[in-house]
Amino acid sequence: MASRLPSMLMQAIRRYLPWLKVEPATAGARVVGGIPRAGTGTESVRNRSDTIGSGEGKGGGGGGAIRSSGGGLGQRSQVLEEEYFRQEQAKELKQLREALHSMRQGKIEYHKKQLDRHLSQIKKHEEMFAKDKDVKHKVHIESHKESAEAHQQYIKKLEKGLKKI
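Residues numbered from 1 in each chain as written. Predicted model: local features only at pLDDT ≥ 70, side-chain atom pairs only at ≥ 80, totals over all residues. Heavy atoms only, no water.

(A) Molecular detail of the packing of aromatic side chains. One pass over the structure, following the stated rule, counts one aromatic pair. With centroids separated by 5.3 Å and ring planes inclined at 70 degrees, the aromatic side chains of Y84 and F85 adopt a geometry described as edge-to-face. Between the NZ or CZ atom of K138 and the centre of the ring of F129, over which it lies, the distance is 5.0 Å. (Phe/Tyr/Trp six-rings, centres within 6.5 Å; stacked < 30°, edge-to-face > 60°. Lys NZ or Arg CZ within 6 Å of the ring centre and 35° of its normal.)

(B) View of a nonpolar patch on the surface. Together, L100, M103 and I165 make up an exposed nonpolar region whose accessible area comes to about 230 Å². By the secondary structure assignment, M103 is in helix α3 (residues 71–132). Since its relative accessible area comes to 43%, M103 is described here as partly exposed. (Patch = residues over 30% accessible without salt bridge, like charges linked within 9 Å, V, L, I, M, F, W, Y side chains within 5 Å. Areas by Shrake-Rupley, 256 points an atom, 1.4 Å probe, with all protein chains shown as cover. Salt bridge = Lys/Arg side-chain N within 4 Å of Asp/Glu carboxyl O. Helix = DSSP H or I, 4+ residues; strand = E, 2+ residues; numbered from the N terminus. Buried < 20%, exposed > 50% of the residue type's maximum accessible area, 1.4 Å probe, protein only.)

(C) Local environment of the nonpolar core. Residues I108, L115, A148, I155, L158 and L162 constitute the largest nonpolar core, which totals six residues. Taken together, the elements giving at least two residues each to this core come down to α3 and α4 (135–164). Top contributing element to this core by residue count: α4, with four residues. The residues touching I155, leaving out its near neighbours within four places in the chain, are I108, H111, K112 and L115. (Core = buried A, V, L, I, M, F, W, Y, C linked by side-chain atoms within 4.5 Å. Contact = heavy atoms within 4.5 Å.)

Here's what the structure looks like:
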C-alpha cells in the first residue's frame, strides 16, 4: 500500500489540479546502477505560472495587449486590477454591514415597542386586579411579565451584536 500511495496521489493531482505541472523527481536525478539516488519514487509538483502579469501563459495570460506583452507594465496592470477588485469587494462588504445594521436596528425598535406594549398591559391588569381581585388578571400579569422579559433579553442580544458590526 505504501508503494501505491505516491502514484495514487499523483493521479489525483493530475485529475483534479490539471493546471499544475507534474514532473517525476527522477527526471533530473542521478541514476547509479539502475537505482535513482534522489527522489526515490516521489514526484515534485511545480506551478506553471512564475509571476502574475509577466506575459501570456504565465498567469497574466491574454488580459490585453499590455498584459500579454509582459514586463513591468503587465505586472502593474495586474496590481491595479487586483486593487480595483479589492476596493469593489470592500464597498460591497460595507453595504452588507450597513444593511445588517439597519435590519438589526429595525428589530430592536420592534421589540422595544412590544416591550412597551407588554408593560402597559401589565399596568392595566394590575389596576384591574386591584379593583376586582379576579385571578384571571394575575394570570395575564404573569404572562405579560414573561413576554416582557423575553423581549428585554432579545433586545440585549441584538444590541450586543450591533456593537460587533
